[in-house]
Amino acid sequence: AMSLGSISPETHESLAVAMNQLGGKSNTGEGGEDPRRFADSRRSSIKQVASGRFGVTSDYLTNADEIQIKMAQGAKPGEGGELPGYKVTDLIAKTRGTTPGVGLISPPPHHDIYSIEDLAQLIHDLKSANRAARVSVKLVSEVGVGVVAAGVAKAKADHIVISGGDGGTGAAAWTGIKHAGLPWELGLAEAHQTLVLNRLRSRIVLQSDGQLKTGRDVTIAALLGAEEFGFATTPLIALGCIMMRKCHLNTCPVGIATQDPELRAKFAGKPEHVVNFFFHLAEEVRGHMASMGFRSIEEMVGRADMLRVDDAHLNEKTRLLDFGPILTPAASLAPGEPQINTMGQDHFSREATGLDSILDLDLVEAAAPALESATPVSIERPLNNLNRAVGAILSNEVSKRYGGAGLPDGTINVLLRGHTGQSFGFSLAKGVRLEVQGDANDGCGKGLSGGQIVVYPGAELLEQGFVAEENVIVGNVACYGATGGSVFFRGIAGERFCVRNSGAIAVVEGIGDHGCEYMTGGRVVCLGSTGINFGAGMSGGIAYMLDADGSFASRCNTEMVSLDRVDSPADEAELRGYLESHVEHTGSPVAAALLADWSGSVGKFVKVFPHDYKRVLRERAAAEAEGGPAAAAVAASG
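Criteria and cut-off values
Residues numbered from 1 in each chain as written. Predicted model: local features only at pLDDT ≥ 70, side-chain atom pairs only at ≥ 80, totals over all residues. Heavy atoms only, no water. Helix = DSSP H or I, 4+ residues; strand = E, 2+ residues; numbered from the N terminus. Rg over C-alpha atoms; globule rule 2.2 N^0.38 Å. Buried < 20%, exposed > 50% of the residue type's maximum accessible area, 1.4 Å probe, protein only. Contact = heavy atoms within 4.5 Å. Areas by Shrake-Rupley, 256 points an atom, 1.4 Å probe, with all protein chains shown as cover. Patch = residues over 30% accessible without salt bridge, like charges linked within 9 Å, V, L, I, M, F, W, Y side chains within 5 Å. Salt bridge = Lys/Arg side-chain N within 4 Å of Asp/Glu carboxyl O. Expected span 1.5 Å × (residues − 1). Arc of directions from axis to C-beta. Axes fitted to C-alpha atoms, helices over the stretch in contact; angles between N-to-C directions. Parallel < 35°, antiparallel > 145°, perpendicular 65-115°, else oblique. Left-handed = near helix turned anticlockwise from the far one by under 90°. Nonpolar A, V, L, I, M, F, W, Y, C, P; charged D, E, K, R; others polar. Phe/Tyr/Trp six-rings, centres within 6.5 Å; stacked < 30°, edge-to-face > 60°.

A.B. asks: For this particular structure, what's the right way to read the overall build of the protein?
C.D. replies: Looking only at helices and strands, one finds 24 helices and 20 strands in the protein. Expected size for 638 residues packed as a compact globule is a radius of gyration near 26 Å; at 26 Å, the protein falls within 12% of this value. Taking the principal axes of its C-alpha atoms as reference, the protein extends roughly 85 × 65 × 50 Å. Expressed as a percentage of its 638 residues, the buried residues of the protein come to 56%. Excluding contacts between residues fewer than 6 apart, the proportion of contacts in the protein whose partners are at least 24 apart in sequence is 58%. Approximately 25,600 Å² of the protein is accessible, and the part contributed by carbon and sulfur atoms is 53%.

Laid out in structure tokens, this is it:
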């Protein structure tokens, strides 16, 4: 998977066109995809999501045949992606929900995944966001990956990729390229054997990647257990890559790994070049199959008994290696078990969910007038925490019909009373408003895509003296990877609030540790206390923090942000507008008190302003004042 940004738009699109012509699948990578490509031959069938990666919206997920969760990258496991500011052009910034000219850092681990149960939840979220797509999990070839793969299969993934340590981005550090990951053969053999042994192989499609180049590589991968095969370097070479190793410098002389318009003009690759390469590759595989007597790939999968060690290539040291564990046929470990995928996962049955009926399907039925003709509807329902990812299926139906534009704000109004399950409002589409009288679990508003979520305590609880601003009302990783929309939480949110927010507006009355990590856009207003390490990796957007006791600076990570006063009329008006909306939606007495004494309150707020974002805005203002080039062009050149 090569992201738009790491490679040029022309290269990215050529790969997609070629794979669509062949009936294969191209992968967006973690950089998202221009929505204008969703409806034509440039569409990538595989949409990748990882660590709240860039540009993940309801529309993006809806336009996928496969959604891939990138747990790690084979060539540099444990490291996040990085894109230098000079490669973040206008198109890249729009696609990724960030600012032109500002460098981007992806979170190294999944900050919303700490256990196999959390991964199972994300799989359920994505399946709800697009029931027609299969959900894939990308794992790294390493010792013990078989046990991980078995857990992923039990977590209801449809597809698993075992990624080898060779290959990977040309922009990776040497430590990542040279000293991380293992050959795909080791991880693939272990994963296949473990899945068969645990009677899970029939549920999973298994793929391998990591510098597969020849028909021989494909044949060996199939014999070790792979049904599908991933390629990256060789298709790029087919398009003209000359391996200059300048990917990270934006100076690729053949227009492949660059965003420079002059260098991109040198790109001479065509989709037909990639198509021809794969036809030749398939012919080579066909020859190997014929020599072994196989008529199809399916017959080959898992037939490790057809492999042997080539003694002629062994030296004094390699002769001591025992290849027996790798070359053990999985069929001998569990006779009679399928060696390939033969059945689908059960995602939404009563046995799978524990529910007699799924609330989201009920909401889709009740919202039929809005879905069919944009007629406003209001819905009320009770709620309990067995219903997970509420709003995802509804948003999927909105995106199918209305695309990324969604519906007019407030078209579908849903009032729910009770306690939400995990991932409430996942990828909530524009035009859908979810109002909760109660509280919300972890992952509320994750991937918010233009919708609105309001959470506040019920009237009965407040009448009993419940003080919302002193209690947690929303769990961890709320608004994780949000791209648009708004949330208003009357109460405190948990840890990792608004991580990788790229466009949503969020008002809350206190947050835990690590708030606004890796944020690239949007606005956050906090009317209460804050945990430690606020703003780590924050490169865009603005946060307004109430700092009544002057202690916020000690809890903020100031490596990439500055702490300014809210002293401009524009900032004051913006902040006041957010507080007024918070009172309107939640009845918050905290916000109401601040508004009642606005002249005395505004001075208590701190404006968290990322250095790079401030620089770009300054350059943009200077360019506009001088009547120079467009701001985006100025930003990209910086």
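A.B. asks: Would you mind showing me how to read a nonpolar patch on the surface here?
C.D. replies: Taken together, the side chains of Val143, Leu182 and Leu186 define a hydrophobic patch exposed on the protein surface, amounting to about 260 Å² of accessible area. By the secondary structure assignment, Leu182 is in the loop between helix H6 (174–178) and helix H7 (184–197). In this structure Leu182 comes out as partly exposed when scored by relative accessible area, which is 31%.

A.B. asks: Looking at this structure, I do not really get unusual backbone geometry. What am I missing?
C.D. replies: Backbone phi values are negative for most residues with the exception of glycine, while trans is the configuration of most peptide bonds. Positive phi, normally seen in glycine, also occurs at Cys498, with a value near 60°. In this fold, Cys498 is placed in the loop between strand S15 (492–493) and strand S16 (502–508). Positive phi outside glycine occurs at His514, with the angle close to 65°. Within the secondary structure, His514 is located in the loop between S16 and strand S17 (520–526).

A.B. asks: Explain the pattern of salt bridges to me, please; I cannot follow it from the model alone.
C.D. replies: Side chains that differ in sign of charge can pair as their charged atoms come close. In this structure the tally under the stated criterion is 32 salt bridges. The salt bridge partner of Glu66 is Arg134, with a shortest N-O separation of 2.5 Å. Pair noted here: Glu66 is in strand S2 (residues 66–70) and Arg134 is in strand S5 (residues 134–140), with a separation of 68 residues, a long-range link. Taken individually, Glu66 and Arg134 each receive the classification buried, so the pair is uniform in this respect. Glu299 is paired through a salt bridge with Arg295; the nearest N and O atoms lie 3.3 Å apart. Taken together, the shared-partner salt bridges in this structure form one network comprising Arg131, Glu397, Lys400 and Arg401.

A.B. asks: Got a minute to help me understand helix H23 (residues 611–626) in this structure?
C.D. replies: Working note: α-helix, 3.6 residues per turn, so residues spaced by three or four point in the same direction. Here H23 is 16 residues long and its end C-alpha atoms lie 23 Å apart, about the 22 Å a rise of 1.5 Å per residue gives. Taken together, the buried positions of H23 are occupied by Tyr613, Arg615, Val616 and Ala623. Burial along H23 is one-sided: seen end-on, the buried residues are contained in an arc of 160°. Exposed and facing more than 90 degrees away from the buried side of H23 are Arg618 and Ala625.

A.B. asks: Just checking my understanding: could you explain the packing of helix H1 (residues 9–22) against helix H11 (residues 271–292) for this structure?
C.D. replies: The description of two helices packed together rests on the angle between their axes and the distance between the axes. Where H1 contacts H11, the two axes come as close as 8 Å, and the packing angle between them is 50°. The angle between H1 and H11 places the two elements in the oblique class. By crossing handedness, the relation of H1 to H11 is classed as right-handed. For the pair formed by H1 and H11, the contact residues are Ser14, Leu15, Val17, Ala18, Met19, Gln21 and Leu22 on the first element and Pro271, Glu272, Val274, Val275, Phe278 and Phe279 on the second. The class makeup of the residues in the contact of H1 with H11 is 10 nonpolar, two polar and one charged.

A.B. asks: Explanation requested: the packing of aromatic side chains in the structure shown.
C.D. replies: We describe a pair of aromatic rings using the distance from one ring centre to the other and the angle between the two ring planes. Evaluated as defined, the whole model comprises six aromatic pairs. Geometrically, the ring pair formed by Phe489 and Phe497 is edge-to-face, given 6.3 Å between the ring centres and 70° between the ring planes. Across this residue pair, the class does not change: Phe489 and Phe497 are buried. Relative to Tyr613, the ring of Phe609 has its centre 5.9 Å away and its plane inclined at 65°; by these criteria the two rings are edge-to-face. The exposure classification of Phe609 matches that of Tyr613, with both residues buried. Three or more aromatic residues joined by ring pairs form one cluster here, namely Phe231, Phe277 and Phe278.

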